[in-house]
Amino acid sequence: MPEVLNRIKIAKSFGSASHSYDVSSRLQRYTGKKLMSFLPNRTDLTVVDLGSGTGFFTDILASKYQQTIGLDISTKMLSFAQEKRSKQIHWLEADAYHLPFQDNSIDVIYSNLVIQWCDPLDILVKEILRALKPGGLFIFSTLLDGTLHELKSSWAQVDDDKHVIDFKTAEQLTAILDNSSSRLLEHSKVDLVLEYENVIHLARELKGLGANHIPKQKGKGLAGKDKWQKMTESYQDFQEPSDIYPATYCVYSGLLVKLND
Ligand SMILES: C[S@@+](CC[C@H](N)C(=O)[O-])C[C@H]1O[C@@H](n2cnc3c(N)ncnc32)[C@H](O)[C@@H]1O
């Protein structure tokens, strides 16, 4: 149940960012485009964009494939996407943990920077495999442990609350993905360092992406001004000679195939 409540809050957080998302999404644009190289050439396929957000990539998928579905848990993200994107796309409001698809019915599930929000991940992967046809593909990117380590360690100087979500290691991901039901055909890891003018710029970008929701910790309030000030002072340790503040994103991209039963 806490996981379900957490998903509702994630949906709200992303929903409130639906209008600022596209200008704050340089990382998502990069990783989503890289994933396109894993897409199959056949066009007579049913493709789902899982966690479609503002629908930027759903639009590209719809230009290639016979049937494209954009699925997201956030009503506001979906209304934004529906208004802006191709009228060929079918939009579905649903939780990735309860996909409204029959068993063995989908050819490709594409998902750009979504599954890092999904906990427990093994249950989600089971649901994705249930919906995919045997031989169907799950094409995804996610973030690994080490992501936002500058922000994490700057906060660690101030208090021991959680200010950045937990990301899985590559080994944990492989253990969940590569098993008797599915095989990881390809994967890659890359550390991207994005540059920010200051810590507020980073915080605004995370907020603009809706990526600022941390599961509620008992008895913890929001960080006050003093704590924020201390954290930004600690972040200065990472400041580059050019005065730029770096933030690292450890990106994992993968191509998974569902094996025959
Ligand atoms: C970082 S955005 C990525 C959006 C899009 N894939 C892109 O590349 O721009 C994450 C999206 O995943 C959606 N999301 C998060 N958890 C979800 C869940 N359990 N089920 C469906 N969508 C989810 C959010 O609402 C949000 O729109």
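Residues numbered from 1 in each chain as written. Predicted model: local features only at pLDDT ≥ 70, side-chain atom pairs only at ≥ 80, totals over all residues. Heavy atoms only, no water.

J.: Looking at this structure, I do not really get the pairing of strand 1 (residues 46-50). What am I missing?
T.: Two faces, one strand: in a regular strand the side chains alternate between the faces of the sheet. Counting buried residues in strand 1 gives five out of five residues, a clear majority hidden from the surface. The alternating pattern of strand 1 places Thr 46, Val 48 and Leu 50 and Val 47 and Asp 49 on opposite faces, both of which are buried. For the crossover that starts at strand 1, traverses helix 3 (residues 56-62) and ends in the parallel strand 2 (residues 67-72), the hand is right-handed. Inspection of the sheet shows strand 1 paired to strand 4 (residues 106-112) by three bridges, in the parallel sense. Paired with Asp 49 across the two strands is Tyr 110, which belongs to strand 4. (Buried < 20%, exposed > 50% of the residue type's maximum accessible area, 1.4 Å probe, protein only. Helix = DSSP H or I, 4+ residues; strand = E, 2+ residues; numbered from the N terminus. Right-handed = clockwise from strand over helix to strand, strands pointing away. Pairing = 2+ DSSP bridges.)

J.: Please explain helix 9 (residues 225-235) as it appears in this structure.
T.: Each α-helix turn comprises 3.6 residues. Residues three or four places apart therefore point the same way. Here helix 9 has its buried residues at Met 231, Thr 232, Ser 234 and Tyr 235. Seen from one end, helix 9 has its buried residues packed into an arc of 155°, which puts them on one side. Turned more than 90 degrees away from the buried face of helix 9 sit Lys 225 and Asp 226, all of them exposed. Summarising the contacts, the buried residues of helix 9 are in contact with helix 6 (149-156), helix 8 (199-208) and strand 7 (245-258). (Arc of directions from axis to C-beta. Contact = heavy atoms within 4.5 Å.)

J.: Would you mind going over the sheet that holds strand 5 (residues 132-143) with me for this structure?
T.: In spatial order, the strands read 3-2-1-4-5-7-6; together these seven strands make up an open sheet with mixed pairing. Two strands in the sheet have a free side with no partner beyond their single neighbour: strand 3 (90-93) and strand 6 (182-196). Within the sheet, the average angular offset between the axes of one strand and its neighbour, ignoring direction, is 15°. Summarising the sheet, strand 1 and strand 2 pair through five bridges and their orientation is parallel. (Axes fitted to C-alpha atoms, helices over the stretch in contact; angles between N-to-C directions.)

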